[in-house]
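Chain and residue survey
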Amino acid sequence: MAEMMAGAMASRGHDVEVVTLRTGATPRDEKVVVPPPPMLPVIPITYRVRRLDFVGGPIRLPVGYWRLLKEPTDVLHVFGNRIWDSDLFLPIASRLRYPKVLTGQNFYQLFMHPNLLNRFYAERYFPRAAAAVDACVVQTIQEREQFRQFGYRGRIELIPHTVDVDEFPLDDALGRGFRTDHGMESDLLLLSAGGYAPNKRMDRVIEGVARSKSRWHLVITGADWPRQPYDLAHCRALAQRLGVHATFLGDGATIPRSELIRGFLACDAYAQGSSYEGYGGAVQEAMTVRRPFVAFETGAFSEFASAGAGFAVRSVDEFAARLDELAGSHELRLRMGEKGRTDVLQHRSKEVTMAAYERLFREVGGRPPAG
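A few points on the structure.

About the thresholds
Residues numbered from 1 in each chain as written. Predicted model: local features only at pLDDT ≥ 70, side-chain atom pairs only at ≥ 80, totals over all residues. Heavy atoms only, no water. Salt bridge = Lys/Arg side-chain N within 4 Å of Asp/Glu carboxyl O. Helix = DSSP H or I, 4+ residues; strand = E, 2+ residues; numbered from the N terminus. Buried < 20%, exposed > 50% of the residue type's maximum accessible area, 1.4 Å probe, protein only. Pairing = 2+ DSSP bridges. Axes fitted to C-alpha atoms, helices over the stretch in contact; angles between N-to-C directions. Polar contact = N/O pair within 3.5 Å; in protein donor to acceptor, adjacent residues only side chain to side chain. Phe/Tyr/Trp six-rings, centres within 6.5 Å; stacked < 30°, edge-to-face > 60°. Lys NZ or Arg CZ within 6 Å of the ring centre and 35° of its normal.

1. What to know about the pattern of salt bridges
On inspection of all chains with the given rule, the structure shows 30 salt bridges. Between glutamate 17 and arginine 50 there is a salt bridge whose closest N-O contact spans 3.0 Å. Of this pair, glutamate 17 sits in strand β1 (residues 17-21) while arginine 50 sits in strand β3 (residues 46-52); the two residues are 33 residues apart in sequence, bridging distant segments of the chain. The partly exposed category is assigned to glutamate 17, whose relative accessible area is 44%.

Written as structure tokens, this is what we have:
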């Protein structure tokens, strides 16, 4: 998201600097070239990336971050909460005199670990500290309502998480190639991506497929989280016990992005078992390639379902029933797929969301809208 925003704002004529942490053999200061749009003359557009060294440990402490925040700028944009850049920004935000925008990206720690510390942070500290910024961006209606319930009274802008539509070519040949390469030509294919983190709940997808009356070939991708409750070993054993035809693509290792995109194009429907998502970008990517979804209600999934793009469910039995609906109607899959792509193009594509961010940055920075 940060890389996409940097390229979009630079392409719109803004001077952009990205501040991040320095990992691996990367330069501390670099000019990144933005790829030009296809079929247009090559005009070099760049943005600056500044990488900070950090002291390791349970909490990463970047060297020189506060000093950097004192440098003048027209607008500062900060991503996230309970992460180094916002954790070290919020205590001094009121002393920074330039305009500031914060995209909090929901409350993962509160949902997954609702202890006293995390409740205090989300419900008391964060809303009060965020009062020092000019605007907070939320990505879902649920996040906006929750943030208001926590007592935040400042400016809120609803700007969805985005997707680069150009990254997902509507090329059926890529999907057919995926099916051929993995021996799935005749199967009704259900894809679920995101790995085996505790919130992803791949076990619920497997149980839903097992309870459905239709025959799905389930493909699961993503990184393993060994020794977590729903890790690869648990899910593999569960699928075997329940008789679910499942392929664990990558065997717990992240597959190449190009292969994942082929998987989206190959599947008949997309599934998400997550107990928590701040937004739900993988479902949005499935919508981009006209694939319907079945997902447990969290993040933006209810909003996607309201657009007619798929089903947001609350139980494994309902998950299974919705799978059967999709399996039984090719027309329904096509109709939901078209509605999903339309929703992305109208409300969630990079062009739409970046235009919304630029408008916001100009407003808080005291600059008139472009054009």
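2. Considerations on the sheet that holds strand β7 (residues 100-103)
Taken together, the 4 strands give an open sheet; going across it, the order is β6-β7-β8-β9, and neighbouring strands pair in parallel fashion. Edge strands, defined here as strands with exactly one partner in the open sheet, are β6 (76-79) and β9 (156-158). Direction aside, neighbouring strands of the sheet carry axes that sit 25° apart on average. Pairing analysis gives 3 bridges linking strand β8 (residues 135-138) to β9, with the strands arranged parallel. By the bridge assignment for β9, cysteine 136 is matched with isoleucine 156.

3. Structural notes on the environment of arginine 333
Residue placement: arginine 333 occurs in helix α14 (residues 330-348). For arginine 333, a relative accessible area of 11% puts it in the buried group. Considered as a pair, arginine 333 and phenylalanine 126 are 207 residues apart in the sequence and their alpha carbons are 41 Å apart. In terms of polar contacts, arginine 333 uses its side chain to reach the backbone carbonyl oxygen of leucine 326, at 2.6 Å.

4. Focus on the packing of aromatic side chains
Enumeration over the complete set of coordinates arrives at 18 aromatic pairs. Between tyrosine 279 and phenylalanine 304, the aromatic rings sit 5.7 Å apart at their centres with planes inclined by 80°, giving edge-to-face as the arrangement. One end of the pair, tyrosine 279, is in the loop between β13 (269-272) and α11 (281-288); the other, phenylalanine 304, is in helix α12 (residues 301-306), and 25 residues separate them in sequence. What makes tyrosine 279 buried here is its relative accessible area of 4%. Between phenylalanine 293 and phenylalanine 301 the ring centres are 6.4 Å apart and the planes differ by 45°, which places this aromatic pair in the tilted class. This pair shows no difference in class: phenylalanine 293 is buried, exactly as phenylalanine 301 is. Ring pairing ties together the aromatic residues Phe107, Tyr121, Tyr125, Phe126, Phe147, Phe150 and Tyr152, which thus form one cluster. In this structure, arginine 82 packs its charged tip against the face of tyrosine 121, placed 4.8 Å from the ring centre. Positioned over the ring face of tyrosine 230 is arginine 201, at 4.1 Å from the centre of the ring.

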